[in-house]
Amino acid sequence: MAGSPSLADAPPAEWWERLAARLIEALVFGVFYYILFIALWTIFRTVGMLEVFDGRLPGVLAWLAAGLAYTLYDWRAHYRRGRTFGKAIMGIRLAPGGSGSVALLKRSLVYPGPLMLMGIPVVNLLAGMLLFCVGLLILMDKPLERGPHDRLAGTRVVKDLR
């Protein structure tokens, strides 16, 4: 449509908009994690395997499944619609710089992919520090506010001016 702004010209999303979008999604996937954890804990308790890995197995598997689901959702939503439901609520979207499916998958594996590792003791500290550093790098990258996952995919998060 003539006169409408393109994504290439759109201003970058503010850091707080990106954070709010991720928090909205984290709330939904956190509920999914807890439901999955309770189901796995009940199954392992019923079959007498709750003490495997000092009782950590339900948590490890729940984090793995929920993190994998979130990562795959993040990839598919960005590939198909250019945004996740959190980004849609916040009025922001991904501006693909010619990114394809593989580039967006790499983006999702860098962030939020490490969530799959959050159930593993010690590794969860490294995964958490990686996710925290991704957030810091977004704040430090001026003026586009791109994280390493955005740079890897050649994307940026912008305000949805449509």
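In this report, we go over the structure that sits alongside the text. (Residues numbered from 1 in each chain as written. Predicted model: local features only at pLDDT ≥ 70, side-chain atom pairs only at ≥ 80, totals over all residues. Heavy atoms only, no water.)

Some words on the overall build of the protein chain
Quick note on the threshold: By the criteria applied, helices consist of DSSP H or I runs no shorter than four residues and strands consist of E runs no shorter than two, each listed in order from the N terminus. To sort residues, take the accessible area from a 1.4 Å probe on protein chains only and compare it with the maximum for the residue type: under 20% means buried, over 50% means exposed, and anything in between is partly exposed. To measure how exposed things are, a 1.4 Å probe is used in the Shrake-Rupley method; for residues, cover is taken only from the protein chains shown. His residues and chain termini do not enter the charge count, which takes Lys and Arg as positive and Asp and Glu as negative. By convention, charge coordinates are those of NZ in Lys, CZ in Arg, CG in Asp, or CD in Glu.
A count of helices and strands for the protein chain gives 6 helices and 2 strands. Along its sequence from the N terminus, the protein chain presents helices and strands in the succession α-α-α-β-α-α-α-β. Projecting the C-alpha coordinates of the protein chain onto the three principal axes gives extents of approximately 65 × 30 × 25 Å. For the protein chain, the proportion of its 162 residues judged to be buried stands at 36%. Accessible surface computed for the protein chain: about 9,200 Å², of which carbon and sulfur atoms make up 71%. Taking the 18 positively charged and 11 negatively charged side chains of the protein chain as two groups, their mean positions are separated by 5 Å.

A look at helix α1 (residues 15-46)
Along an α-helix, residues three or four apart share an orientation, since each turn contains 3.6 residues. Here is the rule we go by: Expected helix span is computed as 1.5 Å times (number of residues minus one).
Taking 1.5 Å as the rise per residue, α1 with 32 residues should run 46 Å; its terminal C-alpha atoms sit 45 Å apart, in good agreement. Listing the buried residues of α1 in full gives Glu17, Arg18, Ala21, Arg22, Glu25, Phe29, Tyr33, Leu40 and Phe44. Just downstream of α1, Gly48 is the residue with a positive phi angle, here 80°.

Quick notes on the packing of helix α2 (residues 57-81) against helix α4 (residues 101-110)
When two helices pack together, their arrangement is given by the angle between their axes and by how far apart the axes lie. Filter applied, for reference: Note on definitions: angles span 0 to 180 degrees between N-to-C directions of axes, and those axes are lines fitted to C-alpha atoms, for helices only across the stretch in contact. Note on convention: the crossing is left-handed when the near helix lies turned anticlockwise from the far helix by less than a right angle, right-handed when the turn is clockwise. Contact between two residues is taken to exist if any of their heavy atoms lie within 4.5 Å; hydrogens are not considered. Residue classes follow a fixed rule: Ala, Val, Leu, Ile, Met, Phe, Trp, Tyr, Cys and Pro count as nonpolar, while Asp, Glu, Lys and Arg count as charged, and any other residue, Gly among them, counts as polar.
Where α2 contacts α4, the axes come no closer than 9 Å and their chain directions differ by 145°. In this structure, α2 meets α4 at a crossing whose hand is right-handed. Contact residues: Thr71, Asp74, Trp75, His78 and Tyr79 in α2; Ser101, Leu104, Leu105, Arg107, Ser108 and Leu109 in α4. For the contact of α2 with α4, the per-class residue count stands at 5 nonpolar, 4 polar and 2 charged.

Observations regarding the packing of α1 against α2
Contact geometry for α1 and α2: axes closest at 8 Å, N-to-C directions at 145°. Here α1 runs over α2; the crossing is right-handed. Contacts between α1 and α2 involve Arg22, Glu25, Phe29, Phe32, Tyr33, Leu36, Phe37, Leu40, Trp41 and Phe44 from the first element and Leu57, Pro58, Gly59, Leu61, Ala62, Trp63, Ala65, Ala66, Ala69, Tyr70, Tyr73 and Asp74 from the second.

A few points about the pattern of salt bridges
In plain terms, the rule: Definition used for salt bridges: Asp or Glu carboxyl oxygen within 4 Å of a side-chain nitrogen of Lys or Arg.
One pass over the structure, following the stated rule, counts 11 salt bridges. Ionic pairing is found between Glu145 and Lys142, a salt bridge with its closest N-O pair at 3.0 Å. Within this structure, Arg18, Arg22, Glu25, Asp74, Arg107 and Asp150 form a network of salt bridges that share partners.

Concerning the side chain of Arg107
Note the threshold: What qualifies as a polar contact is a pair of N or O atoms within 3.5 Å, subject to a donor-acceptor requirement within protein and to the restriction that residues adjacent in sequence count only when both atoms come from side chains.
Among the structural elements, Arg107 can be located in helix α4. Separated by 2.7 Å, the side chains of Arg107 and Asp150 make a polar contact. Residues within four places of Arg107 in sequence aside, it is in contact with Arg18, Arg22, Asp74, His78, Lys87, Leu94, His149, Asp150, Leu152, Ala153, Thr155 and Val157.

Regarding helix α5 (residues 123-140)
Note the cut-off: Working definition: the arc comes from the directions between the helix axis and the C-beta atoms, pointing outward to the latter.
Taking 1.5 Å of rise per residue, the 18 residues of α5 would be expected to cover 26 Å, and the 26 Å separating its terminal C-alpha atoms lies within 8% of that figure. All of the buried residues in α5 are Ala127, Leu131, Val134 and Ile138. Taken down its axis, α5 places every buried residue within 50° of arc, on the same side. Facing away from the buried surface of α5 by more than 90 degrees, the exposed residues are Leu125, Leu126, Phe132 and Met140. Close packing links the buried residues of α5 with α1, α4 and α6 (148-153).

Considerations on the packing of aromatic side chains
The description of an aromatic ring pair rests on the distance of the ring centres and on the angle between the ring planes. Let me state the cut-off plainly: Classification of ring pairs uses Phe, Tyr and Trp, with its six-membered ring standing for Trp, and accepts pairs whose centres are within 6.5 Å; under 30 degrees between planes counts as stacked, over 60 as edge-to-face, and the remaining range as tilted.
Counted according to the given criterion, the structure contains 7 aromatic pairs. An angle of 70° between the planes, with centres 4.9 Å apart, marks the rings of Tyr33 and Tyr34 as edge-to-face. For the ring pair Tyr73 and Phe85, a centre distance of 5.6 Å and an interplane angle of 45° mean the geometry is tilted. Of this pair, Tyr73 sits in helix α2 while Phe85 sits in helix α3 (residues 85-90), and the two are 12 residues apart along the sequence.

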